[in-house]
Structure formats: structure tokens, C-alpha cells
Amino acid sequence: MPHEQTLDASLIAEIASKVPKLSRDDRETLIACLMARMKRHGQRLFYALYPDENETWQAPANKHFNPGSTIYARALYPKHLEFFRAGAKYRERCFMAANKVSKTLGGGGYETACHLTGLYPPWWEGRRFENPTRVWTAGKTNETTRDIIQATLLGEVAHRGQRKVMSGTGVVPGALLGDPSWKQGVQDLVDTIKVRHVSGGWSTLGLKSYQQGRGSFEGTSQHGIWLDEEPPLDVYGECLIRTATTDGIIMLTFTPLEGMSEVVMGFLPAEMRPQADS
């Protein structure tokens, strides 16, 4: 059975309680409705993140949560909230931290979803875009872009009839996703996809990788660029150019595995930078 059609125990009990009273057609209709409800719940990860108080994930399992997993209260993520707030003041931001602290989902992924959809939560103090946006996001390789960034934002590859689509179980609400175009030569990697914006128009998300080289970052201006994992300096410079005319933003989320690189040094306060020998 496909993942999005999995039923939890409470729904099975609900079906069982009604089955003796229903005809076969009605039972099938009920099951179809419950499956559709579970699918919709699974596509609403965005609305579950950063709650006022700790909550429990009630929908089917996804890349980040199993049923019954705790989604922790917003106040427990002060560094993430600081990162968001800084967007109102700074065009370039870096979330440099250890692994497994939710830089990807809770940092760059969540904010990217906000800018694509215009669904800023009431507590949001960061940068806002009032109209549909053009956003790029990129990782080190085509495969990491697909397996990490794409899965975080869009969920898993699925099928709607004969068409290959995204499941919508990522942080961008599934109901707002258009049909993707697919990158040539890389299995199941989205090239671009439209995202419905609250203003009524469509934002455009493009997925790239550093593996494609600086040249692939030339071209159109962008409102936002999210770089998950440290980029080469020439790629970062090209991203600055792409966002210059829009007064756009660049977000970096990574663990500094390359040491004191030029990109890392550019975001460190002066007192934290190594001093050259005199």
C-alpha cells in the first residue's frame, strides 16, 4: 500500500465501528475518504512546525517525523528564531552549526517555504515578500540536492495517473504544489516547480547543485537563494549577483566541514578569525 494511504490505529477503529452498518460501496467510500484525509494531513507539515507548545505529529510518517513524535515548542529554538529575525536586517545570512540541529528542515527549509507561499506565521519577525517569488536552492551534488533538499521541501516522488509528481509531504504544503519539470540526466531530480502564493500568483522554485558549476547559477535574478552545505566561493559570488537587483536574500545552512574557508571566514566576527603571523 502506498505510504500516503497508510491508516493509523484510530482510523482503523473508526472504520471497524462503522463497517457493520454500511454497504460495501459505502465502506469503500468511507475508506477512500479516510485515506484522503490522512494524505491531506501528511501534506501539512509546514503548519505543524514551531508550535506555541509541544505537540504530537498525528499524520503518517515522513522524512522527519513518525506518528507520535514530539514537535517541540518554538521557544526551544532560539537560534532558529534569531536566524529568521536577522533576515529583516541582513541580505546575507549563515546558519553555521553542528549536525542534527535542524538547520535544513527548521532553518533554510522552513524559511524557503514561507517565501514561496507567503504563509508567514503570526510570530514571524523576519524578511517578508508580499508577492510571488523566484527562489533557488542548491546542495553539493545532484544526489544530495534530490535526497536532502528536495525531500525536505517537496516530499517523495509519487505518481498521479501517468504523471510523475511530488508527494507534498515536505515542508511546502502539498496542496500548493504545481507539476514539476524534471532535470535531464538525473533520475527523479526536480528542475523547477511552481508553488501557489497567498496573493493568488505562483512562485517558482528551482533546484541546483554546486556540482553543476558556477555557470549553472548564471541567468535570471532571484528573490531568494538557499544554499544547504557550504558552497564554493565562485558559486556564492554568482548568487550575490543573482539577488542584487531584487534586493533578495541568500541563506546558508551548513556545518563547517571544510575548516576556515573563505566562505566561513566571511561570516565570522573579526575577533573569531585567525590572526596572520606578524
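J.: Mind showing me how you'd approach the pairing of strand β8 (residues 190–196) here?
T.: Each regular strand shows side chains that alternate between the opposite faces of the sheet. Judged from the two bridges that link them, strand β7 (residues 181–182) and β8 form a sheet pairing that is antiparallel. By the bridge assignment for β8, Trp182 is matched with Val190. By the bridge criterion, five bridges tie β8 to strand β9 (residues 202–209) in an arrangement that is antiparallel. Residue pairing across strands places Ile193 opposite Leu205, the latter belonging to β9. What sits between β8 and β9 in their antiparallel hairpin is a turn of five residues, with Gly200 showing a positive phi close to 110°.

J.: Explanation requested: the packing of helix α4 (residues 78–86) against helix α5 (residues 104–117) in the structure shown.
T.: A pair of packed helices can be characterised by two numbers: the angle between their axes and the separation between those axes. Running from N to C, α4 and α5 cross one another at 35°; their axes reach a closest spacing of 10 Å. Seen from above, α4 lies across α5 with right-handed handedness. Here His80, Phe83 and Phe84 of α4 lie close against α5, whose contacting residues are Gly106, Gly107, Tyr110 and Glu111. Of the residues assigned to the contact of α4 with α5, the class counts are three nonpolar, three polar and one charged.

J.: Even after reading the chapter, I still don't get the packing of α5 against helix α6 (residues 142–154), so can you show me in this structure?
T.: Close contact between α5 and α6 brings their axes to 10 Å; oriented N to C, the two are set at 60°. Taken together, the axes of α5 and α6 lie oblique to each other. Here α5 runs over α6; the crossing is right-handed. In contact with Thr104, Leu105, Gly109 and Thr112 of α5, α6 contributes Ile148, Thr152 and Leu153. By residue class, the composition of the contact of α5 with α6 is three nonpolar, four polar and no charged.

Reading the values: rules and limits
- Residues numbered from 1 in each chain as written.
- Predicted model: local features only at pLDDT ≥ 70, side-chain atom pairs only at ≥ 80, totals over all residues.
- Heavy atoms only, no water.
- Pairing = 2+ DSSP bridges.
- Helix = DSSP H or I, 4+ residues; strand = E, 2+ residues; numbered from the N terminus.
- Axes fitted to C-alpha atoms, helices over the stretch in contact; angles between N-to-C directions.
- Left-handed = near helix turned anticlockwise from the far one by under 90°.
- Contact = heavy atoms within 4.5 Å.
- Nonpolar A, V, L, I, M, F, W, Y, C, P; charged D, E, K, R; others polar.
- Parallel < 35°, antiparallel > 145°, perpendicular 65-115°, else oblique.

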